[in-house]
Amino acid sequence: MRRITRRTVLAATAGAVTAPAVSTATAAAAAPTTATPEGRRNNWLVTAVAVQYAQRIDLRGGVIPPSAFQVTATVGGQTAARTVTRVYSNTAAEVDERPHPGRPGEHLIVELDANDSNARAAGTDPLPLDRAYSVRQVADVRTPGGETVLRAGPFAHRNDDVITPVVDDFTAGSFTDSAGFELDFRLYQPADFVRNPRTRTRYPLVITLHGGGEVADNNMTQLTSNRIAVTFAKPERQRRNPAFVLSPQIPLPRPMDGPDGTDWTDAKVQAALIELIDTFVSENSGAVDTDRLYVVGLSSGGRGIYSLLAKRPDVFAAALPTAGWGDPAVMEKITHIPMWADHSIDDPVVPYREGRFGKPGTWTLMNALETAGARVSRGEWANDLPKDQFEARSRALLRQARATRSHVLFTSYTAGTTSPNPHFAWAQTYENDVVIDWLFEQSR
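Rules used in this analysis
- Residues numbered from 1 in each chain as written.
- Predicted model: local features only at pLDDT ≥ 70, side-chain atom pairs only at ≥ 80, totals over all residues.
- Heavy atoms only, no water.
- Helix = DSSP H or I, 4+ residues; strand = E, 2+ residues; numbered from the N terminus.
- Buried < 20%, exposed > 50% of the residue type's maximum accessible area, 1.4 Å probe, protein only.
- Expected span 1.5 Å × (residues − 1).
- Arc of directions from axis to C-beta.
- Contact = heavy atoms within 4.5 Å.
- Salt bridge = Lys/Arg side-chain N within 4 Å of Asp/Glu carboxyl O.
- Phe/Tyr/Trp six-rings, centres within 6.5 Å; stacked < 30°, edge-to-face > 60°.
- Pairing = 2+ DSSP bridges.
- Axes fitted to C-alpha atoms, helices over the stretch in contact; angles between N-to-C directions.
- Nonpolar A, V, L, I, M, F, W, Y, C, P; charged D, E, K, R; others polar.
- Core = buried A, V, L, I, M, F, W, Y, C linked by side-chain atoms within 4.5 Å.
- Polar contact = N/O pair within 3.5 Å; in protein donor to acceptor, adjacent residues only side chain to side chain.

### Some details on the overall build of the protein chain
- If you tally the helices and strands in the protein chain, you get 9 helices and 20 strands.
- Classification of the 444 residues of the protein chain by burial places 57% in the buried group.

Here it is as C-alpha cells:
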C-alpha cells in the first residue's frame, strides 16, 4: 500500500453496485506529503477518492478507464476539476501501489494527480474537506465480457467525513501544569501497549517540538503541517521501533515572553512542557524506557531543543534539531548528548551562522560544542538529492562519526537546494531512515 505519510485519500459510500445511487462520502486525509514533480513539498495533498458500495465490485480482470469518472474539489471557495489518473476496486479505502491493482471489494479507488493546483488538503491549518469533493461516474463500467458492473448516472457522491491515516491514531488531550498553564497535545501509543497496557515492555518516548507556524488552538497542525510527528507513528517505523510519540502544541494568543522572543523558550510554555514530560514519564513508569527519551524539532522547535537540553541535560538520550538557533554559552552543558543537527546554508528565516534575534544559528552552535570538547562530524550536500543518494551521504557521515567516536553530527545543505523555501531544511530529515535509525540506537 502507498506510504500514508505521502498521500491523502478520500472515501465515499454508495448504494447498489449495478444501479445509480445517491451516495455519501468519507474524506480521508493522510499526513503531510513531499510529493511534487521535484519530490519536495510540505503540503498535505488529496490524491485519491474511495467510493464504498453496498456490494462487492468484481471487474473479473477488467480495467476501468480514468475517463469514466469525474472529480471536482472545492478549495478556498473555488470549485475546479481534479485529474483522474487511474481507477480500480479494493477491499478497503486504501491506495494500492501495485502496477496492476484491482482486488474485488466494496471500495472503488479513484486516484488523482498530486500535481493538481487544487490538490491541497492543508495550509497552516487543515482545510475543511467535509463535502468538498464531488465524484461523478460518467460512463458505464463493464467486465471484459461486456457485463455492466457499475452503471453511470446523474448522481454525484460527496464526502461527509474526514479520515486521517496515522494522524487519527493519535489521541488528543491537554495538560494543565501546576501554575495553571495549559498545553494541548497529541499522543501516539504503541499498538502492543494499547492491546496490553500491563505489558512489561518498555518503549522509547519521542517528544516533537513544532515550528512557529504551527502555534494554534486546533491540536492538529503540529501533526499535519510537517512530517515530524507522523514519521515516528507510521506503521513501518512502529514495526521497526515501537515508541510513544508526544506532540504538544503551543496555544494562542502566541506566547512571546522568551529571552529571544520565541515560543518554546517562553517561560510559561517551557515550564509546562517540562512538567508534561515529567508527569507522562512518571505516570507511565512501567512502560516508558527512561534511558531512551528523544526530543526532535524544527525551526523554533530546534531553538526549543537547545534550551531544553541545557535545562535538563541528564534526561534525554538524543536530539534532532533542524534549522534552529540558540545560546553558545550553554553548549558546554550538553556536549555529552548525541545530536544530529541540520540547517540550510542559505536559510533566510533562521540564518545558518548569525542566527535570529541576535542568537547564533546551527553553524555557530556546533562550533561552540566543539570548543567545549565535543567531537562534531560535519557534512555538506544538496537537500534535493534523490532519497537513496541523500541517505548514502548520511550513511557516509555516520561512518565518519563512528570512526572518530563522535556523537554529534551536523549536516549543512548547499545553497539553492532546499525548496520551496531554504528555511525548510527538514524537507528530507524525517524521511531519512539513516537519521531515524541512528536516533533509536541512542541510549543514556
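From this point, the narrative continues.
### Regarding helix α8 (residues 387-403)
- When the terminal C-alpha atoms of α8 are compared, their 24 Å separation across 17 residues agrees well with the 24 Å that a helix rising 1.5 Å per residue should span.
- Turning to α8, its buried residues are F390, E391, S394, L397, L398 and A401. Relative to the axis of α8, the buried residues are bounded by an arc of 120° and lie together on one face. Residues of α8 that are exposed and point over 90 degrees away from its buried face: D388, R399 and A403.
- On its buried face, α8 sits against β18 (339-344), β19 (376-381), β20 (408-413) and α9 (433-441).
- Following α8 by one or two positions, R405 adopts a phi angle in the positive range, close to 55°.

### Remarks on the pattern of salt bridges
- Applying the stated criterion across every chain yields a total of 20 salt bridges.
- Between R98 and D96 there is a salt bridge; the shortest N-O distance is 3.0 Å.
- Residues participating in the shared-partner salt-bridge network are R237, R240, K387, E391, D433 and D437.

### Digging into the packing of aromatic side chains
- Counted by the stated rule, this structure contains 12 aromatic pairs.
- Through a chain of ring-to-ring contacts, three or more aromatic side chains come together here, namely F193, Y203, F244 and F280.

### Examining the sheet that holds strand β15 (residues 244-249)
- Strand order in the open sheet formed by 9 strands is β12-β13-β15-β14-β16-β17-β18-β20-β19, with mixed pairing between adjacent strands. Each edge of the sheet is formed by a strand with only one pairing partner; in this case those strands are β12 (171-176) and β19. Ignoring which end each strand starts from, the neighbouring axes of this sheet average 20° apart.
- Sheet topology note: the strand β16 (residues 288-298)/strand β17 (residues 318-322) ladder contains 5 bridges and is parallel. Bridge pairing links Y294 to A318 in β17.

### Observations concerning the packing of α8 against α9
- Where α8 meets α9, the axes come as close as 8 Å, and the angle between the chain directions of the two elements is 35°. Taking contact as the criterion, the partners of K387, E391, S394, R395, L398 and R402 in α8 are, on α9, D433, V434, W438 and E441.
- Here the contact of α8 with α9 is built from residues that sort into 3 nonpolar, 1 polar and 6 charged.

### Here's the deal with the nonpolar core
- Formed by 50 residues in total, the largest nonpolar core has its most connected members in L205, F244, L309, F316, I334, M366 and L369.
- When sequence neighbours within four positions are dropped, the list of residues in contact with M366 reads Y306, M339, A341, V376, R378, V408 and F410.
- In this structure, I228, A229, A318 and Y413 belong to the second largest nonpolar core, which totals 40 residues.

### With respect to α9
- Summarising burial for α9: 7 of the 9 residues are buried, a large majority.
- When α9 is considered as a whole, its buried residues turn out to be V434, V435, I436, D437, W438, L439 and F440.
- Two or three places before V434, at the start of α9, stands the capping residue N432, its side-chain oxygen 3.0 Å from that residue's backbone nitrogen.

### Remarks on unusual backbone geometry
- Following L252, the chain continues to P253 via a peptide bond in cis, the omega torsion being -5°.
- For P253, the position within the fold is in the loop between β15 and α5 (267-283).
- With an omega dihedral of 0°, the bond running from S419 to P420 counts as a cis peptide bond.
- You can see P420 is positioned in the loop between β20 and α9.
- Backbone geometry places R405, a non-glycine residue, at a positive phi of 55°.

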